[in-house]
Each structure stands twice: as C-alpha cells, then as structure tokens.
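Read off the chains here:
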Amino acid sequence: MTDCLFCKIRDGQIPAEIVYQDEDVLAFNDVNPQAPVHVLIIPKKHIATINDLATDNAATIGKLYLAAKHIAAEHKIEDDGYRLVVNCNAMAGQTVYHIHLHLLGGRRMNWPPG
Ligand code: AMP
Ligand code: ZN
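Residues numbered from 1 in each chain as written. Chains lettered and ligands numbered in written order. Predicted model: local features only at pLDDT ≥ 70, side-chain atom pairs only at ≥ 80, totals over all residues. Heavy atoms only, no water.

Q: What is the right way to read the coordination of the zinc ion (ligand 2) from this model?
A: Working reference: metal with six octahedral donors, ideal angles 90 or 180 degrees; metal with four tetrahedral donors, ideal angle 109.5 degrees. Listed as protein donors to the zinc ion (ligand 2) are Cys-4 (SG), Cys-7 (SG), His-46 (ND1) and His-98 (ND1); their distances from the metal cover 2.0 to 2.3 Å. Relative to the metal, the 4 donor atoms surrounding the zinc ion (ligand 2) lie at angles of 107 to 117 degrees, and the coordination shape comes out tetrahedral. Along the chain, the residues donating to the zinc ion (ligand 2) fall in the pattern C-x2-C-x38-H-x51-H. Of this pair, His-46 sits in the loop between β3 (37–43) and α2 (58–74) while His-98 sits in the loop between β4 (82–85) and β5 (101–105), placing them 52 residues apart in sequence. Residue class for His-98 comes out buried when judged on its relative accessible area of 0%. (Donors = N, O, S within 2.8 Å, 3.2 Å for Na, K, Ca; no water. Tetrahedral: all angles 85-135°; square planar, octahedral: opposite > 155°, others 65-115°. Helix = DSSP H or I, 4+ residues; strand = E, 2+ residues; numbered from the N terminus. Buried < 20%, exposed > 50% of the residue type's maximum accessible area, 1.4 Å probe, protein only.)

Following this line, the structure appears as structure tokens:
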C-alpha cells in the first residue's frame, strides 16, 4: 500500500529503529514509547486491521508472536512479564491501519487497560 506509514518504514522510506526482521515480520521501537520497552511488530504484508485477516494470514500472525517472544528474551523481560496488545479500529485506539502487535515491558502493567 502506498500511503501507509508502516509500509514506508518496511520499504526504508521512513527511518525507524529496527530491532528484528525476518522474511515475514519487521519489528521496530515505538517512536512514542509507553513503557521502557515498547516495540511494534508488524507483518511485512500490508493488512489494515484484525478484521481484514484471512485464513491464509494465520501463519504470519503466529510469526508476530514468535518475534515477540524472541524480542522479549533479548530485553530479558520474559520472566518478569510483558504485555502484547493489538488495537482494532478507532474505539480501541488504532491510529495506524497496518496490523501491529505492541510489545510493552520493563514496568508493571495495569489492568484493566485504559
Ligand atoms: P496504534 O495506536 O495501536 O495504531 O499504534 C500506533 C503506534 O505507532 C503508536 O504507539 C505510535 O506511537 C507509533 N508510531 C507512529 N508513528 C511512528 C513512527 N514513525 N515510528 C515508530 N512508531 C510510530
Ligand atoms: Zn501498510
């Protein structure tokens, strides 16, 4: 997609602090971190929201979680714990319409979320 912020990061048109990538997944630090560790993990393929998922995206979505596990271990937060969040559409607070998994850690999280 041409007018998507995260596609532009994927294509190197907008800079980002990339912390992980493989064939299907890219992860970079959130520009406005909400915790000491705040990484966004995206599929390289443009998918706007969770509502747009198709059955053949299942493996790619699974890889987002495998990347999260890997990044959490790199930050040594896997035992203390961390939170994974996907916002879907406006009421949940989605602002970038390219699916992304937020990995948040390094501080105690509140529940219920705001
Ligand atoms: P969401 O509100 O769930 O759609 O999350 C979008 C996230 O993208 C927010 O946490 C923003 O801080 C983050 N963000 C926006 N622009 C950039 C950027 N250029 N590089 C990295 N993260 C960004
Ligand atoms: Zn995109």
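Q: Looking at this structure, how should I read the sheet that holds strand β1 (residues 18–21)?
A: As summarised here, the arrangement of the 5 strands in space is β1-β2-β3-β5-β4, forming an open sheet in which the pairing is antiparallel. Each having just a single partner strand, β1 and β4 make up the two edges of the open sheet. Neighbour-to-neighbour, the strand axes of this sheet turn through a mean angle of 20 degrees, independent of strand direction. Bridge analysis of β3 against β5 gives 5 bridges, and the strand direction is antiparallel. (Pairing = 2+ DSSP bridges. Axes fitted to C-alpha atoms, helices over the stretch in contact; angles between N-to-C directions.)

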